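The lines below spell out each chain.
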Amino acid sequence: MAKVLVLYYSSYGHIEAMAQAVAEGARAVPGVTADVKRVPELVPEEVARNSHYKMDQAAPVATVNELTEYDAIIIGTPTRYGNMASQMKNFLDQTGGLWARGAFNGKVGSCFTSTASLHGGQESTILATNNVLYHLGMVIVGLPYSYAPLQDVTKVQGGTPYGASTVAGGDGSLKPTPDDLGAAHFQGEHVARIAAKLAA
Ligand SMILES: Cc1cc2nc3c(=O)[nH]c(=O)nc-3n(C[C@H](O)[C@H](O)[C@H](O)COP(=O)(O)O)c2cc1C
């Protein structure tokens with residue numbers, strides 16, 4: 001029995017959609033449960049509304065202390081200048097007390113992301129987010145090339161060996177493609193299988 005948390009931040013819904021696909025992948029592994037939770041919004045509500053943020057996100061807001069209940073944590077964050085969103089960083093920066101007692105040592109960590117543009121920093125965002133997971137003592141898991149669409153260069157879509165990703169477009173009008181959602185599902189299942197083995 002392994003417990004997986006998909007922990008995400010999303011302004012416009014792309015990462016929210018990817019998070020659900022990641023969780024469905026994790027749940028495909030027998031004996032694994034997966035929760036989807038988001039980190040608190042830090043932008044004032046007026047700013048969020050004026051910026052047309054997606055305000056109707058059903059996922060409950062996570063608390064820092066509950067992170068220790070999970071065997072694997074899969075983090076989803078849109079890129080902000082090639083790095084994770086400050087909402088996610090703020091949340092992770094509250095793990096100091098848990099870090100100090102090694103509460104994450106040996107847990108599985110993995111990341112997925114979205115960008116506006118094709119080369120807007122998907123890999124750098126995932127790798128920068130992974131830095132935090134290394135410090136927390138987690139076992140980092142990516143997205144293997146056995147997910148065949150990672151090799152597809154015929155259309156606009158995400159997909160990196162570091163983690164699933166999607167391209168939102170400059171105006172956010174693109175949606176995660178079936179292959180993007182497939183990558184998210186594959187990553188969730190891959191992480192869950194490893195977490196289940198480590199938890200056995
Ligand atoms: C302050 C800020 C910085 C951003 N930086 C980048 C960037 O470096 N590269 C990029 O492609 N998109 C960038 N974006 C676009 C977001 O990554 C994009 O809106 C996001 O991936 C959509 O995901 P979401 O719908 O889950 O919020 C930025 C957006 C904001 C607001």
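Keep in mind that what you see is a predicted model, and the values were worked out from it rather than measured. (Residues numbered from 1 in each chain as written. Predicted model: local features only at pLDDT ≥ 70, side-chain atom pairs only at ≥ 80, totals over all residues. Heavy atoms only, no water.)

### A word on the pairing of strand β2 (residues 32–38)
Of the strand pairs in this sheet, strand β1 (residues 2–8) and β2 are connected by seven bridges, and their pairing is parallel. Residue pairing for β2: L5 is matched across the bridge by D35. Where the polypeptide runs from β1 across helix α1 (residues 14–27) and back to β2, its parallel neighbour, the crossover connection is right-handed. (Pairing = 2+ DSSP bridges. Helix = DSSP H or I, 4+ residues; strand = E, 2+ residues; numbered from the N terminus. Right-handed = clockwise from strand over helix to strand, strands pointing away.)

### Quick look at the site of the ligand
Around the ligand lies a shell of 16 residues, among which S10, H14, T79, S114 and G120 are the nearest. Measuring from an oxygen atom of the ligand, one finds a side-chain N or O atom of S114 at 2.5 Å. At 2.8 Å from a nitrogen atom of the ligand is found a main-chain nitrogen or oxygen belonging to G120. Protein contact buries 79% of the 630 Å² of open area that the ligand shows by itself. Every element with two or more residues in the shell around the ligand is listed here: α1, β3 (72–80) and β5 (108–115). In terms of residues, the shell around the ligand owes the most to one element, β3, which gives three residues. (Near = heavy atom within 4 Å. Polar contact = N/O pair within 3.5 Å; in protein donor to acceptor, adjacent residues only side chain to side chain. Areas by Shrake-Rupley, 256 points an atom, 1.4 Å probe, with all protein chains shown as cover.)

### Focus: the UniProt feature "binding site: NAD(+)" (unreviewed entry) in the chain
Mapped onto the present numbering, the UniProt feature "binding site: NAD(+)" (unreviewed entry) falls on Y12. Within the element layout of this structure, Y12 appears in the loop between β1 and α1. Contact partners of Y12, with chain neighbours within four places excluded, come to S51, H52, Y53 and K54. A polar atom in the side chain of Y12 sits 2.9 Å from the backbone oxygen of S51. (UniProt positions renumbered as here; feature names shortened; annotations may be inferred. Contact = heavy atoms within 4.5 Å.)

### What about the environment of L92?
Looking at the secondary structure, you find L92 in helix α3 (residues 86–92). Separated by 42 residues in the primary sequence, L92 and N50 place their C-alpha atoms 27 Å from one another. If near-sequence neighbours (up to four positions away) are discounted, L92 is found in contact with I75, M84 and V132.

### Considering the packing of aromatic side chains
Evaluated as defined, the whole model comprises two aromatic pairs. Centroid distance Y12 to Y53: 5.3 Å. Interplanar angle 80 degrees. Geometry classified as edge-to-face. Linking Y12 in the loop between β1 and α1 with Y53 in the loop between α2 (45–50) and β3, this pair joins segments that are 41 residues apart in sequence. A relative accessible area of 44% places Y12 in the partly exposed class. For the ring pair Y147 and F186, a centre distance of 5.4 Å and an interplane angle of 55 degrees mean the geometry is tilted. (Phe/Tyr/Trp six-rings, centres within 6.5 Å; stacked < 30°, edge-to-face > 60°. Buried < 20%, exposed > 50% of the residue type's maximum accessible area, 1.4 Å probe, protein only.)

### Comments concerning the pattern of salt bridges
If you walk through the whole model with that rule in mind, you get nine salt bridges. As a salt-bridge pair, K54 and E16 come within 2.8 Å of each other at their nearest N and O atoms. Placement of the pair is K54 in the loop between α2 and β3 and E16 in helix α1, with a sequence separation of 38 residues. A residue is classified by how much of its surface remains accessible, and E16, at 12% relative accessible area, is buried. (Salt bridge = Lys/Arg side-chain N within 4 Å of Asp/Glu carboxyl O.)

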